[in-house]
Amino acid sequence: MSAGFFWLAASTGLLSLLTPCVFPMVPVTVAYFSTTDHDKPRALRRALLFALGIIATFTILGLVLAAVFGAAGLTRFAADPWVNLILAALFLLFAANLFGWFEITTPWRMTNAADRAARTAAPGSSFGALVMGATFTLTSVTCTAPFVGTLLVLASQGSWATPIAGMLVYSAAFALPFFLLAAAPGLVSHLPRAGEWMRTLRVLIGLLEVGAAIKFVSNADLVLGWGIFTRNVVLIGWSALALIGAAYLGRNLLSRTQRGELHLLRFVPIVVAVVLAAWLASGVGGRALPQVEAFLPPTAPTALASSRGEAPVWMLNDFAGAQSAARSTGKLVFVDFTGYTCTNCRWMEANIFTRPDVSAELGQFVLSRLYTDGEGEIYERQQALQEEKFGTVALPLYAVVDADGKVRATFSGLTRDPANFIAFLRRARA
């Protein structure tokens, strides 16, 4: 579990607060806590329990999925093309809502019924606050599902604890503002009122949702082998979305200019959007974009550039063939256990493997890349090989073995220190 994953979990938790199913719950929360106990210590305790109700409900979801699927199942869940296509559809649906094409409404009947149950069962009690938090979580599922699904897919890299930790961080960020409002209902008067800024933010977030949908369709493409949503297509799509955002901001700026409300600072988001579009487009010709490469389909999964401009050949999904090549060449086998939807794997391929010094070291091995999260018997066998031989299905996992399969060294997970990875490769050959 990396710091980047936890940052993403917290960010998506905060972003979920802007969804149309969640924002309307602000007055409900304020009304519930402002009409009950005014004793500050007790009010604080109940506010904390309300937040814990939210956190527990989301975290239990992660726990249930980890228990039902297990570590190996979670990896396959992340790469399942139908899971990715469903998430893409949810993001597109959510984007259409943010664009104002239709409305996703909060299920008020369910909300009101659960609210009445919480008040009737234990009005003003700690238990009622806990139930209210859990109820709030359930009623917001319509809009939080894409965010939660995204997080679970990214978390599903072979560790059963990761989705639980991810849900814990996500729900804590999601619950924090409501804890503050529950502890001090008067804070609602300081919240910014809806207006043009909210409409603009909704459209920009909607464009981000379309970009996320493109990413999930590309995941399905990788597994199903369509060859349509390639790296270039994804980059062109993202670049176009940035330009659309710039055009939308420019239209708003023109409207303000006509009303005599021009301010130079309003040009900054437009410039940022245009620069972002140009930067993304610069990767279409094959230029590496390390900052986003982990979220892009691989350029060439069979080869990596070396220090001499050559392309060391990777033997894909053929461990037996790699062992045979090792016997004939006298080399060791470098095994890359990877996944089609593994972001950490893509990051290593884009930022570590392409370095001339690392590539030169890799050239000393027979290179074997084994995908473990595809559909079919071969992927199941390769995942079973990883689990049986190395005791884990976490991705990425790098191993050096001899021609007979004897393990010389292993390296698990992502590293941002090339020297550390080079030391592992040299130690394995020593």
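This is a predicted model, so every value here is computed, not measured.

A few words now on the overall build of the protein chain. A count of helical and extended segments in the protein chain gives 16 helices and five strands. Per-residue burial for the protein chain yields a buried fraction of 51% across its 430 residues. In the protein chain, the share of contacts with a sequence separation of at least 24, taken over all contacts with a separation of at least 6, comes to 75%. Of the roughly 19,500 Å² that the protein chain leaves accessible, carbon and sulfur atoms contribute 66%.

End to end, helix α16 (residues 418-429) covers 17 Å across 12 residues, agreeing with the expected 16 Å (1.5 Å per residue, within 8%). Regarding α16, the residues found buried are Pro418, Phe421, Ile422, Phe424, Leu425 and Ala428. The buried residues of α16 occupy an angular sector of 155° when projected down its axis, which confines them to one face. For α16, the exposed residues set more than 90 degrees away from the buried face come down to Arg426 and Arg427. Turning to α16, the residues buried within the fold contact β2 (333-338), α13 (343-351), α14 (356-362), β4 (397-401) and β5 (407-412). Capping the start of α16, Asp417 holds a side-chain oxygen 3.1 Å from the backbone nitrogen of Ala419, two or three residues further along.

Once that is clear, we can look at the sheet that holds β5. Strands sit in the order β1-β3-β2-β4-β5 across an open sheet of five strands; the sheet is mixed. Both outer strands of the open sheet, β1 (314-316) and β5, are each paired with one neighbouring strand and no more. Averaged over neighbouring strand pairs, the angle between their axes works out to 20° when direction is ignored. Pairing of β4 with β5 involves five bridges; the strand directions are antiparallel. Paired with Leu397 across the two strands is Ser412, which belongs to β5. Against the sheet, helix α12 (residues 319-329) makes contact with β1, β2, β3 (366-371) and β4, and its axis sits at roughly 170° relative to β3, the strand it touches most. Strand contacts of α16: β2, β4 and β5, with the helix running at about 170° to β5, the strand carrying the most contacts.

Moving on to the pattern of salt bridges. Side chains carrying opposite charge are able to pair once their charged atoms draw close together. Under the definition given, this model contains seven salt bridges. Here Arg369 and Asp336 are joined by a salt bridge, their closest N and O atoms 2.9 Å apart. Separated by 33 residues along the polypeptide, Arg369 in strand β3 and Asp336 in strand β2 bring together distant segments of the chain. The same class applies to Arg369 as to Asp336, namely buried. The network of salt bridges with shared partners includes Glu361, Arg426 and Arg429.

What follows deals with the confidence of the model for the protein chain. Predicted confidence across the protein chain gives a mean pLDDT of 79, with 71% of residues reaching 70 or more. Per-element averaging of pLDDT across the protein chain places helix α5 (residues 108-121) at the bottom with 53 and β2 at the top with 96. For the stretch residues 301-309, pLDDT sits under 50, and the model shows 29 contacts to residues farther than four places along the chain or on other chains.

A word on a nonpolar patch on the surface. A contiguous nonpolar surface patch, about 390 Å² in accessible area, is contributed by Leu264, Phe267, Val271 and Val275. Looking at where Val271 falls in the secondary structure, it is placed in helix α11 (residues 267-281).

The next subject is the state of the cysteines. On inspection of all chains with the given rule, the structure shows one disulfide. The disulfide that involves Cys342 links it to Cys345, with 2.2 Å between the sulfurs. Across the disulfide from Cys342 to Cys345, rotation about the S-S bond amounts to roughly 80°, and the bridge is consequently right-handed.

Attention shifts here to the packing of helix α4 (residues 81-98) against helix α9 (residues 196-224). Across the interface, α4 lies against α9 with an axial gap of 8 Å and an inter-helix angle of 165°. Classified by the angle between their axes, α4 and α9 sit roughly antiparallel to one another. α9 is crossed by α4, and the crossing has left-handed handedness. When the residues that make up the contact of α4 with α9 are grouped by side-chain class, the tally is 19 nonpolar, four polar and two charged.

Here we come to the side chain of Thr415. Among the structural elements, Thr415 can be located in the loop between β5 and α16. Residue classification places Thr415 among the buried residues on the basis of a relative accessible area of 7%. At a separation of 3.1 Å, a polar atom in the side chain of Thr415 contacts the main-chain amide nitrogen of Asp417. Every residue in contact with Thr415, bar those within four places of it in the chain, is listed here: Trp347, Met348, Ile352, Asn420 and Phe421.

Moving on to the nonpolar core. Counting 21 residues, the largest nonpolar core has Phe334, Phe353, Leu362, Tyr398, Phe421 and Phe424 as the members making the most contacts within it. Only α13, α14, β4, β5 and α16 provide two or more residues apiece to this core. For this core, the element with the highest residue contribution is α16, accounting for five residues. Counting residues in hydrophobic clusters, the runner-up holds 17 residues, among them Ala322, Ala325, Phe337 and Ala399.

Another point: the environment of Thr341. Structurally, Thr341 is set in the loop between β2 and α13. The spacing of Thr341 and Ala294 is 47 residues in sequence and 9.4 Å in space, taken between C-alpha atoms.

Right, let's get into the environment of Glu103. Tracing the sequence through the fold places Glu103 in the loop between α4 and α5. Judged by relative accessible area, Glu103 falls into the exposed class, the value being 53%. Setting aside its immediate chain neighbours within four residues, Glu103 contacts Asn97 and Arg202.

In most cases, non-glycine residues show a negative phi, while peptide bonds are predominantly trans. Residues Leu395 and Pro396 are joined by a peptide bond in cis, for which omega reads -5°. For Asn317, which is not glycine, the phi torsion reads 55° and is therefore positive. If you trace the backbone, Asn317 turns up in the loop between β1 and α12. For Asn317, a relative accessible area of 19% gives the class buried.

Cut-offs and rules
- Residues numbered from 1 in each chain as written.
- Predicted model: local features only at pLDDT ≥ 70, side-chain atom pairs only at ≥ 80, totals over all residues.
- Heavy atoms only, no water.
- Helix = DSSP H or I, 4+ residues; strand = E, 2+ residues; numbered from the N terminus.
- Buried < 20%, exposed > 50% of the residue type's maximum accessible area, 1.4 Å probe, protein only.
- Contact = heavy atoms within 4.5 Å.
- Areas by Shrake-Rupley, 256 points an atom, 1.4 Å probe, with all protein chains shown as cover.
- Expected span 1.5 Å × (residues − 1).
- Arc of directions from axis to C-beta.
- Polar contact = N/O pair within 3.5 Å; in protein donor to acceptor, adjacent residues only side chain to side chain.
- Pairing = 2+ DSSP bridges.
- Axes fitted to C-alpha atoms, helices over the stretch in contact; angles between N-to-C directions.
- Salt bridge = Lys/Arg side-chain N within 4 Å of Asp/Glu carboxyl O.
- pLDDT = per-residue confidence, 0-100.
- Patch = residues over 30% accessible without salt bridge, like charges linked within 9 Å, V, L, I, M, F, W, Y side chains within 5 Å.
- Disulfide = S-S within 2.5 Å.
- Parallel < 35°, antiparallel > 145°, perpendicular 65-115°, else oblique.
- Left-handed = near helix turned anticlockwise from the far one by under 90°.
- Nonpolar A, V, L, I, M, F, W, Y, C, P; charged D, E, K, R; others polar.
- Core = buried A, V, L, I, M, F, W, Y, C linked by side-chain atoms within 4.5 Å.

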